Amino acid sequence: MRSRSCNAACWGAGRSLAAAIGLQLYTVREEAERDLLGTLASIAEIGYAGVEFAGVPAQSSSLVATCLRDLGLRAAGVVVPMSSLIDKTAFESARAFNHAIDSPTIVFPWLDEQYRTDGEAYKRTAGLLNTFGATCRDDGLGFLYHIHGYEFAQFAGQSGLEILMECCDPDLVQLEIDTFWVEHAGENSLAIYERYADRCPYIHFKDMNNREEKRDIEVGDGIVETAGIIRAASGHGAQWFIVEQEQFDRPPMQSAAISYRNLQRLVLENS
């Protein structure tokens with residue numbers, strides 16, 4: 001039975017001294033759609049400690065839970081969009097899936113334009129996120145806001161992210177930065193992580209080939225200061241390093257393997 005108070009355990013704290021390396025299943029979305037269980041087996045074979053689900057899959061939660069357990073994989077979290085948080089039936093399905101697979105958190109992935117038109121919209125959105133976060137907390141789950149880069153738009157001298165962080169209760173809403181999207185927005189992902197490190201138990205590690213083309217590539221092969229972020233994260237209790245990639249020059253599972261090896265090496269060198 002989960003505790004009804006959402007302390008650090010909601011995000012998987014206390015399981016290890018170093019952050020675990022997981023894979024966001026969106027990286028291998030076509031493979032997962034064809035054969036989720038086989039894809040999970042391939043991810044475990046690479047060496048990943050766990051996965052972050054890109055949504056609630058079609059397979060039964062008991063089947064997925066059994067597969068994860070048999071493979072020795074952990075569920076890092078489940079992405080749940082705004083529509084599924086607002087809809088009570090959809091949220092109940094997401095909540096039940098999280099519990100069934102022993103996932104500690106719900107990840108909120110994206111704000112449609114109407115929720116981020118100006119500073120006042122961001123303040124209203126923060127209120128919504130606090131409500132969702134409180135619902136998750138009362139159910140023993142964490143609630144993470146995933147940064148996509150548009151949050152750095154300025155409104156009367158404040159960025160959307162600054163407004164969110166000012167108006168969101170840190171006990172209810174924490175962050176999952178995405179290093180690629182932070183860089184894509186023209187910001188420095190190490191600086192952003194250091195600013196919000198105490199509110200950022202998960203990090204999406206995605207790399208960028210260069211600042212002109214802005215194409216995401218395998219982690220450790222680009223310009224993102226991955227080593228610096230790892231060093232900073234070691235002092236702030238980061239729980240999961242989640243690999244994600246969306247553009248590929250080779251089969252996605254091969255890219256996932258390269259990213260795992262690179263990130264594992266960087267963790268060993270910088271933790």
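All of these numbers come straight from a predicted model, not from anything done at the bench.

A. The arrangement of the overall build of the protein chain in detail. What the protein chain contains, in helices and strands, is 11 helices and 12 strands. Whereas a compact globule of 271 residues would reach a radius of gyration of roughly 18 Å, the protein chain reaches 17 Å, a difference of no more than 12%. Overall, the C-alpha framework of the protein chain stretches about 50 × 45 × 35 Å when taken along its three principal axes. The burial tally for the protein chain puts 55% of its 271 residues in the buried class. Counted over contacts in the protein chain with a minimum sequence separation of 6, partners at least 24 positions apart contribute 78%.

B. How the structure looks around helix H5 (residues 88–100). For H5, with 13 residues, the first-to-last C-alpha span of 18 Å sits near the 18 Å given by 1.5 Å per residue. Listed in full, the buried residues belonging to H5 are Phe91, Ala94, Phe97 and Asn98. Along the axis of H5, the buried residues cluster in a sector spanning 125°; they form a single face. Counted as exposed and oriented over 90 degrees from the buried face of H5: Lys88 and Thr89. In this fold, the buried residues of H5 make contact with strand S2 (50–53), helix H3 (61–71), strand S3 (74–79), helix H4 (82–86), strand S4 (105–108) and helix H6 (119–138). Here H5 starts with a cap whose side-chain oxygen sits 3.1 Å from the backbone nitrogen of Thr89, and that cap is Asp87. In the stretch just after H5, Asp102 is the one whose phi turns positive, near 60°.

C. Structural view of the packing of aromatic side chains. Enumeration according to the criterion identifies 9 aromatic pairs in this entry. When the centroid spacing of 4.9 Å and the interplanar angle of 85° are considered together, the rings of Trp110 and Tyr150 count as edge-to-face. Taken together, the residues span a long stretch of sequence, with Trp110 in the loop between S4 and H6 and Tyr150 in the loop between strand S5 (142–146) and strand S6 (154–155) at a distance of 40 residues. A relative accessible area of 39% places Trp110 in the partly exposed class.

D. Quick peek at the sheet that holds S4. An order of S1-S2-S3-S4-S5-S8-S9-S12 is seen for the 8 strands of this closed barrel, with the pairing classed as parallel. The mean inter-strand angle of the sheet, taken between neighbouring strand axes irrespective of direction, is 30°. As paired strands, S3 and S4 are joined by 2 bridges and run parallel to one another. If you follow Val78 over to S4, its bridge partner there is Ile106. The strands touched by H5 within the sheet are S2, S3 and S4, with S4 carrying the most contacts at an inclination of about 135°. Packed onto the sheet, helix H11 (residues 252–270) meets strand S1 (20–24), strand S9 (202–205) and strand S12 (240–243) and runs at close to 155° relative to S1.

E. Inspection of the confidence of the model for the protein chain at higher detail. Across the protein chain, the average pLDDT comes to 93, with 94% of residues at 70 or higher. With pLDDT under 50 throughout, residues 1–9 is counted as low confidence; its partners more than four residues away or in other chains account for 21 contacts. Every residue in residues 11–17 scores below 50 in pLDDT, and together they form 18 contacts with partners more than four places removed in sequence or on other chains.

Reading the values: the criteria
Residues numbered from 1 in each chain as written. Predicted model: local features only at pLDDT ≥ 70, side-chain atom pairs only at ≥ 80, totals over all residues. Heavy atoms only, no water. Helix = DSSP H or I, 4+ residues; strand = E, 2+ residues; numbered from the N terminus. Rg over C-alpha atoms; globule rule 2.2 N^0.38 Å. Buried < 20%, exposed > 50% of the residue type's maximum accessible area, 1.4 Å probe, protein only. Contact = heavy atoms within 4.5 Å. Expected span 1.5 Å × (residues − 1). Arc of directions from axis to C-beta. Polar contact = N/O pair within 3.5 Å; in protein donor to acceptor, adjacent residues only side chain to side chain. Phe/Tyr/Trp six-rings, centres within 6.5 Å; stacked < 30°, edge-to-face > 60°. Pairing = 2+ DSSP bridges. Axes fitted to C-alpha atoms, helices over the stretch in contact; angles between N-to-C directions. pLDDT = per-residue confidence, 0-100.

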